[in-house]
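Observations on chain architecture
Below, each chain spelled out in residue letters.
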Amino acid sequence: MALLEIKNLHVYYGHIHALKGINLTVDEGEVVTLIGSNGAGKTTTLRAISGLLKTTEDTSVMYDGIELRQLRPHQIVEKGVIHVPEGRRVFSRMSVQENLMMGAYARKNRHQIADDLAYVLKLFPRLQERRAQHAGTLSGGEQQMLAMGRALMANPKLLLLDEPSMGLAPVLVETIFDSIEQLNKQRGITILLVEQNAQMALSIANRAYVLETGRITMSGNAQEMLHDEKVISAYLGL
Amino acid sequence: MQKAKPFRLMDAVRLGLFGGIAAVLIALVGMIEAFNKREVINGVISMSQVMLMAVAFVSAFFAAAQAHKSKPGQTIPAGLIAGAIVGVLVAILALAIVPLNMREVFVNATPRLAKILMPQGMEGIAGAAVLVVGAALVGLLAAVLTYLPGLLRRSILISLVAVVLLALLKDVLLPVIPEGLGDFLYASNGLTLVGAVTSFIVVALIAYFWMRVRPSTSKRIAAMPPAQRRTMSFVVTISFLIVLFLLPAVLGSYLSEVSDLVGFYIIMALGLNVVVGFAGLLDLGYVAFFAIGAYTMAVLTTPELPLVRGYIPQLSFWVALPISVGMALLAGIFLGVPVLKTRGDYLAIITLGFGEIIRLLVLSDALKPGLGGAQGVTGVARPVLGGIVSDTPQEFYYFILISILIAWFITSRLKKSRLGRAWMAVREDEDVAAAMSINLVGYKLLAFATGAALAGLSGAFFGSKLGSMVPASFNVLVSINVLAVLIVGGMGSLPGVVVGAIVLIGLPELLREFNEFRWWVYGIVLVVMMLYRPEGLWPDATRERELLDFEDEPNVDSEDPTGLAPSATIPS
Ligand SMILES: Nc1ncnc2c1ncn2[C@@H]1O[C@H](COP(=O)(O)OP(=O)(O)OP(=O)(O)O)[C@@H](O)[C@H]1O
Ligand SMILES: [Mg+2]
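Residues numbered from 1 in each chain as written. Chains lettered and ligands numbered in written order. Predicted model: local features only at pLDDT ≥ 70, side-chain atom pairs only at ≥ 80, totals over all residues.

1. Re the sheet that holds strand β1 (residues 2-13) of chain A
All names here are of chain A. Formally: For two strands to be treated as a pair, DSSP must find at least two bridges joining them. Numbering of helices and strands runs from the N terminus, with a helix taken as a DSSP run of H or I at least four residues long and a strand as a DSSP run of E at least two residues long. Distance between backbone-placed C-beta atoms decides contact: two residues are in contact if it is within 7 Å. To define axes, lines are fitted to C-alpha atoms, for helices over the stretch in contact only, and angles between the resulting N-to-C directions are given on a 0 to 180 degree scale.
The strand order across the open sheet formed by 4 strands is β2-β1-β4-β5, and the pairing between neighbours is antiparallel. Each having just a single partner strand, β2 (16-27) and β5 (66-67) make up the two edges of the open sheet. Across 9 bridges, β1 lies against β2 in antiparallel orientation. Bridged to I6 within β2 is L24. Along the sheet, helix α1 (residues 42-49) makes contact with β1, β2 and β4 (60-63), crossing β2 at roughly 65°.

2. What to know about the environment of L352(B)
Along the chain, the position of L352(B) falls in helix α15 (residues 344-363). Apart from residues no more than four positions distant in its own chain, L352(B) is found in contact with L284(B), G285(B) and V476(B).

3. Brief notes about helix α22 (residues 494-510) of chain B
Residues and elements named next belong to chain B. For the record, the criterion: A helix's residues, less one, multiplied by 1.5 Å, set its expected span. Bend at a given residue is defined as the angle between two axes, one fitted to the seven residues that end at that position and one fitted to the seven that begin there. Partly exposed residues are those falling between the two cut-offs: more than 12 but fewer than 20 other C-beta atoms within 10 Å of their own, whereas 20 or more means buried and 12 or fewer means exposed, with C-beta atoms placed from the backbone.
Compared with an ideal rise of 1.5 Å per residue, which puts 17 residues at 24 Å, α22 spans 23 Å between its outermost C-alpha atoms and is within 8% of the ideal. Within α22, the axis deviates most sharply at I502, by approximately 30°. Within α22 the residues assigned to the buried category are L494, G496, V497, V498, G500, A501, I502, V503, L504, I505 and L510. Here the buried face of α22 lies against α8 (170-173), α11 (226-278), α17 (393-416), α21 (476-489) and α23 (517-532).

4. Considering the confidence of the model for chain B
Note: predicted coordinates in regions of low pLDDT should not be interpreted at a detailed level. All names here are of chain B. To be explicit about the condition: The predictor's confidence in any single residue is recorded as pLDDT, a number from 0 to 100.
Put simply, chain B has an average pLDDT of 86, and 94% of its residues get 70 or more. This model gives residues 542-572 a pLDDT under 50, and the stretch forms 35 contacts once residues within four places in sequence are excluded. If you check the scores for this complex, the pTM reads 0.83 and the ipTM reads 0.82.

5. Focus on the sheet that holds strand β7 (residues 158-162) of chain A
Residue and element names in this part refer to chain A. Across the sheet, 6 strands lie side by side as β6-β7-β8-β3-β9-β10; this open sheet has mixed pairing. Unpaired on one side and paired on the other, β6 (81-84) and β10 (215-221) mark the two borders of the sheet. Adjacent strand axes in the sheet meet at a mean angle of 15° when their direction is disregarded. The sheet contact formed by strand β3 (residues 31-35) and strand β9 (residues 207-212) spans 4 bridges and is parallel. What sits directly across from L34, in β9, is Y209.

6. Description of the interface of chain A and chain B
Here is the rule: When residues are sorted by character, Ala, Val, Leu, Ile, Met, Phe, Trp, Tyr, Cys and Pro go into the nonpolar class, Asp, Glu, Lys and Arg into the charged class, and all the rest, Gly among them, into the polar class.
Facing 32 residues of chain A, the contacting portion of chain B comprises 25 residues. At the level of elements, α2 (73-78), β6, α3 (96-103) and α4 (110-123) of chain A are the ones that each hand at least two residues to the side of chain A that touches chain B. With 5 residues, the single largest contributor to the side of chain A that touches chain B is α3(A). Grouping the amino acids of the side of chain A that touches chain B by side-chain chemistry returns 17 nonpolar, 7 polar and 8 charged.

7. With respect to the site of ligand 1
As a reminder of what qualifies: In this analysis a residue is considered near a molecule or strand if the C-beta atom, reconstructed from its backbone, is found within 6 Å of that molecule or strand.
In the vicinity of ligand 1 lie 13 residues, with Y13(A), N38(A), K42(A), T43(A) and T44(A) positioned nearest. Taken together, the elements giving at least two residues each to the shell around ligand 1 come down to β2 and α1 of chain A.

8. Re the nonpolar core
Residue and element names in this part refer to chain B. Selection criterion: By definition, a nonpolar core groups buried Ala, Val, Leu, Ile, Met, Phe, Trp, Tyr and Cys residues that connect through C-beta atoms lying within 7 Å of each other.
With 178 residues, the main nonpolar core has M268, A269, V485 and A501 as its most contacted residues. The dominant element in this core, judged by the number of residues it contributes, is α11, at 15 residues. When near neighbours in sequence (up to four residues on either side) are disregarded, A501 contacts V262, Y265, I266, A269, V485 and G506. Within the second largest apolar cluster, 59 residues are counted, among which are F7, L15, A109 and L191.

9. Digging into the pairing of β4(A)
Residues and elements named next belong to chain A. Side-chain alternation along β4 places V61 and Y63 on a buried face and S60 and M62 on a face that remains uncovered. Bridge analysis of β1 against β4 gives 4 bridges, and the strand direction is antiparallel. Bridge assignment links L4 to a residue of β4, and that residue is Y63. With 2 bridges connecting them, β4 and β5 associate as antiparallel partners. Paired with Y63 across the two strands is I66, which belongs to β5. The hairpin formed by β4 and β5 contains 2 residues between the paired strands, and D64 there has a positive phi angle of roughly 50°.

See the structure below:
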């Protein structure tokens, strides 16, 4: 059964018609990637799902049997849909530890929180070393880990990742993608991954969608897409 | 940055020129003449001379300090040159005033000013020469100071400032200190020579030992077992409170009056601290809630305003007080709902507009029957306790003090609570805060309403204390002042609020006799603070302490792999 089912998603920024009727599904336990060039509308899609943007009336965003469009952003988070925004937005004047605990803000069960913290610190040992450091002084890669770790502290069922590889060195990109795979495999977290690094995204995803100027132009099995000529010439730059 | 360019004597010249121009400006705006009446040390040195020397001193000190860093050999020449150049510029001004007849442009450039600038009883080239040499000597003194160890140097600087303040505040302090001490310290005008020297030494010693022992003491306190530490902070708090409660007996009515004014600002600033410091919402119309509190108190308790009295009976102070706070709170919510969806600059402008709207409403003729219009409202009730009407500044001091304590308690609790964490997240990044399931509108409203309620509380007491109210008391400057108190004190810090209010509200009030020149002090404090101590006088340190605690914890990992125990971040 589809965990997330988006039908006919339209978003306008004033007169700009940024998303022109997107249909997209993510099944439980899947890694689905949404690839596309700059300005295609990837970030807009994620922001619409997490309730940060207004969508048109005929849009439907069903998640686990609930219409997300009726909920406010913080209520959507409480349902387990956690958004890791573009550009590593950590709380720079809080420590790493405080950032992580902020992720668990809405949760009550202290034991589960402690377990999740231990898991995050194991997944990203760098964070363990730098727990007391102010997040603003972390390196770009560490901040990305922190942003993901913080999202994990919210106990996500569906994780929305917006370009986790942006601006990172190739080695770090590998690390980040490894951890995304682990999250999916070990914790069973469903992932919707927005990426420009199509090669990496396709290699870990089950399925993929290609977004071009607000429309889905292609979709299908990620492995097959890796070998699709159109995708290769447009996004893999080979 | 400092290493990039080695020091050259040209730098000393430049600093001297800066200082000299500053000194000339101070003289031309009339400040020197205004301060000339006052002596710092009776018969020895006047306030205006101290000001000129201070300018030379500061220029020379910076020059010498710069030289000391990269070319220690040039320290003394640097100080001498910078000081002398200040002297040269002042001397040129003194010589030029009369022949050039500068009065047409600078009204304050009178022959009298020329005389004041010159050393006592001298004129012409001889006077100018003495002036330059004197300034150079001041520069030399500043240069010598840079050779002293840091602690000693700082004690001397603090003590110099303290002596000048002591002299300035003579009229304020004389009535409240024991007579013997008063006679010892003060002459007919300014300090006695013995008094000045003694107080200089005493203050310097105190400052020195205080700075000396503080690091080790705070380390020792940190090393204490938590129970003992708690007992100690309890004892310190209690003794501090006792002092606060005994204070009015010593202060006398004038100082109590000033304390009351500072108190109004402390309450307001504690409230605005929640809005701006905790939640990061820049509110420039904060005075509106102060006005609403004050006017609610006035309208509900005055015997005037027949139209209002036709509908609402005249209430007593204590009944009107919670209503005033409630009205301000409601206003906060009503304004908050539409406004809090905007961010940053837009929020600032909207709130600014709201503040003006409230002021114009109470000023308007249309609402005159209800709010008194431009004449305002008089006959506002005073608090009555046990049949006794409280109307002296000392009595109000207690009400204000209690209000401050309540405001302090509430806001410090809020800060440490879950709510405080959420506000901090909203302040740092709204979108991400929303992604942490923080209800943005709800939490912002809460901050806004808390701030508004405290402003209303302050306003209610303010209205009652004044007894009458005019719209002019509620202009935008109040909002700006409260914000400045926060910034100078240290955004987000509660003790900072108190320090900021004393420095920015109390001090100018005490220097009232210097008229508008005291606002120079205000401006200079703001500029200097932002350049050299942008975090404020008493910055918010809890977070740093949290971090330190973390590192001190020896085996975080073995006992508690999550590290949850030592931190305060667990949602409860
Ligand atoms: N706040 C906004 N106001 C107006 N237009 C916007 C706004 N945000 C995005 N857009 C426009 O909407 C389109 C989609 O933007 P979006 O940020 O979703 O792209 P993206 O696919 O995430 O791009 P990138 O890979 O560069 O992050 C772009 O044309 C962009 O200019
Ligand atoms: Mg994007």
